[in-house]
Amino acid sequence: MAYSLKTFCEDARAELKQDTGPEARERIAQHLEKLLVDPDFVATHLGPDKRSGAETIYADPDFDFRVMAHTNRGASNNTPHCHGPSWVIYGMAMNHVEMTEWKREDDGSVDGHADLSVERKYFLNEGEAHVYNEGVIHSLNRPLETRLVRVTGCDLNQTLRYRYDPAKNAVKVLEPVG
Ligand SMILES: [Fe+2]
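Because the structure is predicted, anything quoted here is derived from the model rather than measured.

**Side note on the nonpolar core**
1) Next: F8, L32, V67 and I89 are the most contacted members of the largest nonpolar core, which totals 24 residues.
2) Next: If you list the elements that add at least two residues to this core, you get α1 (5–18), α2 (22–36), β2 (66–72), β5 (88–94), β8 (129–132) and β10 (146–152).
3) Next: Apart from residues no more than four positions distant in its own chain, I89 is found in contact with R25, I28, A29, L32, A129, H130, V131, V149, R150 and V151.
4) Next: If you look at the next biggest cluster of nonpolar residues, it comprises eleven residues, including Y90, M92, M99 and Y132.

Here it is, written out as structure tokens:
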């Protein structure tokens, strides 16, 4: 059955109206999995005409969550990071990514220093969505081109973010963009 961006946003709002915690996010991820496989949604927001980049396709006026469509036309990877105060849900609409979740081993008392170890690695496959609660450190390796949808708890450009370099035991705080 067809499932639209509008219906997804209504379903996400209904979940957040009841509860804004981790359990609601898991239910939102289940709704997102229906959207990821909707051909009309994918054609409109993640079609072959799209260039690499991210587009915010919905911003909620009441709960402040965002829906972002990401097109990556080539292979790429990123370094471990977390989104500070925001939870995020990643959903794969095309191909897969290799996800790594990291554990911080130090107590954060030394500025710029961070010891990370790999907590788990798994594939996030086409059609699957996964929740990353506040502070969960993750990195994505994209061996193929990808299309993904990201739902964020707020506007990430307005929040501090943290980027880690495990080889140098370093962490950098990224200031809000806007
Ligand atoms: Fe992320």
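There is more to say, and it comes next.
**Section: the sheet that holds β10**
1) Next: Read from one edge to the other, the open sheet built from five strands follows the order β1-β2-β10-β5-β8, with strand pairing classed as antiparallel. The sheet terminates laterally at β1 (53–59) and β8, the two strands that pair on one side only. Strand-to-strand twist in this sheet, taken as the mean axis angle between neighbours without regard to direction, amounts to 20°.
2) Next: Where β5 meets β10, six bridges bridge the pair, whose relative direction is antiparallel. Residue pairing for β10: G91 is matched across the bridge by V149.
3) Next: Where α2 meets the sheet, its contacts fall on β5, β8 and β10, and the angle it forms with β5 comes to roughly 15°.

**Some points on the coordination of the iron ion**
1) Next: The coordination sphere of the iron ion, as far as protein atoms go, consists of H81 (NE2), H83 (NE2), Y90 (OH) and H138 (NE2), spread over 2.0 to 2.2 Å.
2) Next: With four donor atoms in place around the iron ion and angles of 91 to 129° between them, the coordination shape is tetrahedral.
3) Next: Counting along the primary sequence, the residues that act as donors to the iron ion give the motif H-x1-H-x6-Y-x47-H. Considered together, H83 and Y90 belong to a single accessibility category, that of buried residues.

**Description of the packing of aromatic side chains**
1) Next: In this structure the tally under the stated criterion is two aromatic pairs.
2) Next: For the pair Y90 and Y132, a centre-to-centre distance of 5.6 Å together with 80° between the ring planes defines the contact as edge-to-face. With Y90 in strand β5 and Y132 in strand β8, this pair connects stretches of sequence that are 42 residues apart.
3) Next: Here Y132 falls in the buried class, since its relative accessible area comes to 1%.

**Considering the packing of α1 against α2**
For any two helices packed against each other, the geometry comes down to the angle between their axes and how far apart the axes lie.
1) Next: Running from N to C, α1 and α2 cross one another at 170°; their axes reach a closest spacing of 9 Å. In terms of orientation, α1 lies roughly antiparallel with respect to α2. Facing L5, F8, D11, A12, E15, L16 and Q18 of α1, the residues of α2 in contact are A24, R27, I28, H31, L32, K34 and L35.
2) Next: Classifying every residue of the contact of α1 with α2 by side-chain character gives eight nonpolar, two polar and four charged.

Thresholds applied
- Residues numbered from 1 in each chain as written.
- Predicted model: local features only at pLDDT ≥ 70, side-chain atom pairs only at ≥ 80, totals over all residues.
- Heavy atoms only, no water.
- Core = buried A, V, L, I, M, F, W, Y, C linked by side-chain atoms within 4.5 Å.
- Buried < 20%, exposed > 50% of the residue type's maximum accessible area, 1.4 Å probe, protein only.
- Helix = DSSP H or I, 4+ residues; strand = E, 2+ residues; numbered from the N terminus.
- Contact = heavy atoms within 4.5 Å.
- Pairing = 2+ DSSP bridges.
- Axes fitted to C-alpha atoms, helices over the stretch in contact; angles between N-to-C directions.
- Donors = N, O, S within 2.8 Å, 3.2 Å for Na, K, Ca; no water.
- Tetrahedral: all angles 85-135°; square planar, octahedral: opposite > 155°, others 65-115°.
- Phe/Tyr/Trp six-rings, centres within 6.5 Å; stacked < 30°, edge-to-face > 60°.
- Parallel < 35°, antiparallel > 145°, perpendicular 65-115°, else oblique.
- Nonpolar A, V, L, I, M, F, W, Y, C, P; charged D, E, K, R; others polar.

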